[in-house]
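Structural description and commentary
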Amino acid sequence: MTTVLDPESADLTLLQDRQVAVLGFDAVAAAHALNLRDSGVDVWIGTSPDGRGAARAETEGLAVSTPEEAVSRCDIVLVPVGALGHGEHDLEMVQRLLLEHTEPGDLVVVTGGEPVRTGRLSVPDGVDLAMLRCVGDGDRVREEYLDGRGSPALVAVARDESGAAWATLTAYAAAMGSLRSGAIVTTLDHEAEARQYAESHVFAPLRTSVEKAFETLVDRGVEEEVAYLAVVHDLKTRVDQIYQAGLATQYGPDARPGTEPAEGARSRRAAQRAAHPLEHVGRRVRSMMSWIR
């Protein structure tokens, strides 16, 4: 049974005497920093003072220091996993920062479980480790917060050395605005496994299928532009419809290609009962996303 954090259990006073170091200032890091700041949390941006990220952060009125200073000063550290290796912070540098500059009682929050699951990112003894991955990109997370709503999130605690990791993470999620829509409790392993499986069994085969379909159509004499529109442009149209309303928008009530509703499932309610479990979960998840409900 899925567990969602109780918004009433969030105690923002737990963050009043704490400081958060946000590593970098890409879109995800900026959303965390600005949402936390606007919720009354003391935030420091850990980035090169001479970089473009520092200039953008200072324009927003945020305090900037070197990553080493930020992590040493603060007792909560936000590590945007998606930016590791693509910006100024690589995984080895972040690992060194955490090992050398965090202390017992600190909390490290990652935005994805993959580097922890593979053992490439860890925290010292006595340091708590948690995850908060918002649904949506950084711009979406910030827009939802400013509109008085919030992006739902996946949350998990991997290490609770202090005994207060869940309480602090719940307060963090509330400050991000995520509890307004819902924070789904999971584990870092489950989040990482789901993303890795989807990459290898959905996204990679899809790319191969799209490329092969394009090549086959062109070999049959179809104009390249016509082939592109059929396998790429029309694909996006269908995916957008599935994203908004589920697979049944493409394949009928039971969400299976080429099938008809199960015998007796002719009413809307009966058709819903006959649908694939993916459809039922999709309705629940979409109801948490204000931008598509």
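Residues numbered from 1 in each chain as written. Predicted model: local features only at pLDDT ≥ 70, side-chain atom pairs only at ≥ 80, totals over all residues. Heavy atoms only, no water.

1. With respect to the packing of helix α8 (residues 188–219) against helix α9 (residues 224–245)
Note the following rule: All axes here are fitted lines through C-alpha atoms, helices being fitted over the stretch that makes contact, and every angle between N-to-C directions spans 0 to 180 degrees. Under the scheme used here, helices are H or I runs from DSSP no shorter than 4 residues and strands are E runs no shorter than 2 residues, and both carry numbers assigned from the N terminus. In these notes the angle categories are as follows: under 35 degrees is roughly parallel, over 145 is roughly antiparallel, 65 to 115 is roughly perpendicular, and the rest is oblique. The hand of a helix crossing depends on one turn: near helix anticlockwise from the far one by less than a right angle means left-handed, and clockwise means right-handed. Working rule for contacts: check all heavy atoms of both residues, and any pair within 4.5 Å makes them a contact.
The geometry of α8 relative to α9 is characterised by a closest axis approach of 8 Å and an angle of 155° between their N-to-C directions. Classified by the angle between their axes, α8 and α9 sit roughly antiparallel to one another. The hand of the α8/α9 crossing is right-handed. Counted together, L206, V210, A213, F214, L217 and V218 of α8 and E224, A227, Y228, V231, V232 and L235 of α9 form the full contact between these two elements.

2. Things to note about a nonpolar patch on the surface
To be explicit about the condition: Every patch collects residues that have over 30% relative accessible area and no salt bridge, joining them within 9 Å if they carry like charges and within 5 Å if they are nonpolar side chains (Val, Leu, Ile, Met, Phe, Trp, Tyr). Here the Shrake-Rupley method, with its probe set to 1.4 Å, supplies the accessible areas, and only the displayed protein chains count as covering residues. Any Lys or Arg side-chain nitrogen located within 4 Å of an Asp or Glu carboxyl oxygen qualifies as a salt bridge. Relative accessibility under 20% of the residue-type maximum defines a buried residue, over 50% an exposed one, and the middle range a partly exposed one, all with a 1.4 Å probe and only protein chains included.
Judged by side-chain polarity, Y228, L229 and V232 come together as a nonpolar surface patch covering roughly 250 Å² of accessible area. Along the chain, Y228 turns up in helix α9. By relative accessible area, which is 44% here, Y228 ends up partly exposed.

3. Some remarks on the pairing of strand β1 (residues 19–23)
Note the following rule: Pairing between strands requires that DSSP locate at least two bridges from one strand to the other. When the strands point away from the viewer, a crossover counts as right-handed if the route from the first strand across the helix to the second turns clockwise.
With five of five residues buried, β1 is to be regarded as a mostly interior element. A two-sided burial pattern is seen for β1, the buried positions comprising Q19, A21 and L23 on one face and V20 and V22 on the other. Two elements, β1 and strand β2 (residues 42–46), share five bridges in a ladder whose sense is parallel. Among the inter-strand pairings, L23 is bridged to a residue of β2, identified as G46. Handedness of the β-α-β unit built from β1, helix α1 (residues 27–38) and β2 comes out right-handed. In this structure, β1 lies alongside strand β4 (residues 76–79), joined through three bridges in parallel fashion. Looking at the pairing, V20 lines up with I76 of β4.

Purely spatial values, then, with no claim about function.
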